[in-house]
Amino acid sequence: MATLCFHSPSKPISYFHPKSKPSPPLLSKASVLRCKASVQTLVSVEPEPVFTSVETFAPATVANLGPGFDFLGCAVDGLGDHVTLRVDPSVRAGEVLISEITGTTTKLSTNPLRNCAGIAAIATMKMLGIRSVGLSLDLHKGLPLGSGLGSSAASAAAAAVAVNEIFGRKLVREELVLAGLESEAKVSGYHADNIAPAIMGGFVLIRNYEPLDLKPLRFPEDKELFFVLVSPEFEAPTKKMRAALPTEIPMVHHVWNSSQAAALVAAVLEGDAVMLGKALSSDKVVEPTRAPLIPGWRL
């Protein structure tokens, strides 16, 4: 789940310094945009910042778990993105500036409306009703793009949590997921199976989108579950992969996938790794149509 790594109520500004030297910023010219997200303001009185800077981390996620397309995902330990967010007097009140992007990718824009971290930060500011404070944001990417690890969701989750923390944690996790969905909708599609586990941790079932209804699934604490993640040497953009999906599904495949999705949920709750593996490998709707787009994938 997205976590707070550092905060300071008194120090002016602190930066995150990864152990390895980060790549240089992608664009030298930073962009600033005022909050104009479509989400609704949820806080009646504009909160004041309680910290001058925060640093957050959001993990990689695995979504579309077998037959759980768009409604089941989980967070994984270790990999993820970092965001450093600061109250910045040089940024106009109510605006967000992305000042630096470092890490694994060289393709991201510093325009907040074209960057998943910026979009989520703006949406969170809108929810909080922030009009009197300007913020600057640094994004350190720990995840490659188009890798199936929820790269956009990790950036969005870290940014949403950072804004919420700076202003005293006024929003609950489900509300932060809505802010993250603003980002996902604009960069990869309106689906919460990456952003929800990135913020909430563990396995998350999305029972409904309108209204958003999230159900955390608790894997038994006395059992361990390990994922082996393989990151290919090519990108599989979400929009391209979603465009390959079938528009019609045979009833027999619908019944099969529904039964396997139920088995998958049961396996998570019971900690049954064998049944979990079988259910993950039993999709007959999404994976078969995407397989030809992935070199070397054999079903």
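All values derive from a computational prediction rather than experimental measurement.

A closer look at the side chain of N115
As for its position among the elements, N115 is in the loop between β5 (95-103) and α1 (116-128). Residue class for N115 comes out buried when judged on its relative accessible area of 2%. Setting aside anything within four residues of it in sequence, one finds N115 in contact with I98, I101, L108, S109 and L139.

Some details on the environment of K170
Structurally, the position occupied by K170 is in the loop between α2 (151-166) and α3 (173-187). A residue is classified by how much of its surface remains accessible, and K170, at 47% relative accessible area, is partly exposed. Linking K170 and L128, residues 42 residues apart in sequence, is a C-alpha distance of 7.6 Å. Residues within four places of K170 in sequence aside, it is in contact with V43, P47, L128, N164 and E175.

Considerations on the packing of aromatic side chains
Under the defined criterion, the tally for this structure stands at two aromatic pairs. Ring geometry for Y190 against Y209: centres 5.8 Å apart, planes inclined by 55°, an arrangement best described as tilted. Placement of Y190 in the loop between α3 and α4 (195-200) and of Y209 in strand β7 (residues 203-209) is noted, with a sequence separation of 19 residues between them. For Y190, a relative accessible area of 38% puts it in the partly exposed group. Geometrically, the ring pair formed by F203 and F219 is stacked, given 6.5 Å between the ring centres and 25° between the ring planes. Residue F203 is found in strand β7, and its partner F219 is found in the loop between β8 (212-217) and α5 (238-243); the two are separated by 16 residues along the sequence. Here F203 and F219 have matching classes, each one buried. Between K284 and the ring centre of W256, over which it is positioned, the NZ or CZ distance is 4.4 Å.

Overview of the confidence of the model for the protein chain
Mean pLDDT over the protein chain stands at 85; residues scoring 70 or higher make up 87%. Of all the helices and strands in the protein chain, strand β2 (residues 31-34) carries the lowest mean pLDDT, 42, while strand β6 (residues 135-141) carries the highest, 97. Note that residues 9-37 has pLDDT below 50 and, in this model, 66 contacts with residues that lie over four places away or in other chains.

Topic: the pattern of salt bridges
Pairs can form between side chains of opposite charge whenever their charged atoms are close. This model, assessed by the stated rule, comprises five salt bridges. R86 serves as the salt-bridge partner of D138, at 3.1 Å between the closest nitrogen and oxygen. Of this pair, D138 sits in strand β6 while R86 sits in strand β4 (residues 72-87), and the two are 52 residues apart along the sequence. Among the ionic pairs, D213 bridges to R207, the shortest N-O distance being 2.6 Å. Its relative accessible area of 28% is what places D213 among the partly exposed residues. Judged by its relative accessible area of 59%, R207 is exposed.

Looking at α1
Helix length check: α1 (13 residues) gives 18 Å between terminal C-alpha atoms against 18 Å at 1.5 Å per residue, within 8%. When you tally the buried positions in α1, you get 12 out of 13 residues, the bulk of the element. When α1 is considered as a whole, its buried residues turn out to be C116, A117, G118, I119, A120, A121, I122, A123, T124, M125, M127 and L128. The backbone nitrogen of A117 lies 2.9 Å from a side-chain oxygen of the residue at the head of α1, namely N115. After α1 finishes, the residue G129 shows a positive phi value of roughly 70°.

Thresholds applied
- Residues numbered from 1 in each chain as written.
- Predicted model: local features only at pLDDT ≥ 70, side-chain atom pairs only at ≥ 80, totals over all residues.
- Heavy atoms only, no water.
- Helix = DSSP H or I, 4+ residues; strand = E, 2+ residues; numbered from the N terminus.
- Buried < 20%, exposed > 50% of the residue type's maximum accessible area, 1.4 Å probe, protein only.
- Contact = heavy atoms within 4.5 Å.
- Phe/Tyr/Trp six-rings, centres within 6.5 Å; stacked < 30°, edge-to-face > 60°.
- Lys NZ or Arg CZ within 6 Å of the ring centre and 35° of its normal.
- pLDDT = per-residue confidence, 0-100.
- Salt bridge = Lys/Arg side-chain N within 4 Å of Asp/Glu carboxyl O.
- Expected span 1.5 Å × (residues − 1).
- Polar contact = N/O pair within 3.5 Å; in protein donor to acceptor, adjacent residues only side chain to side chain.

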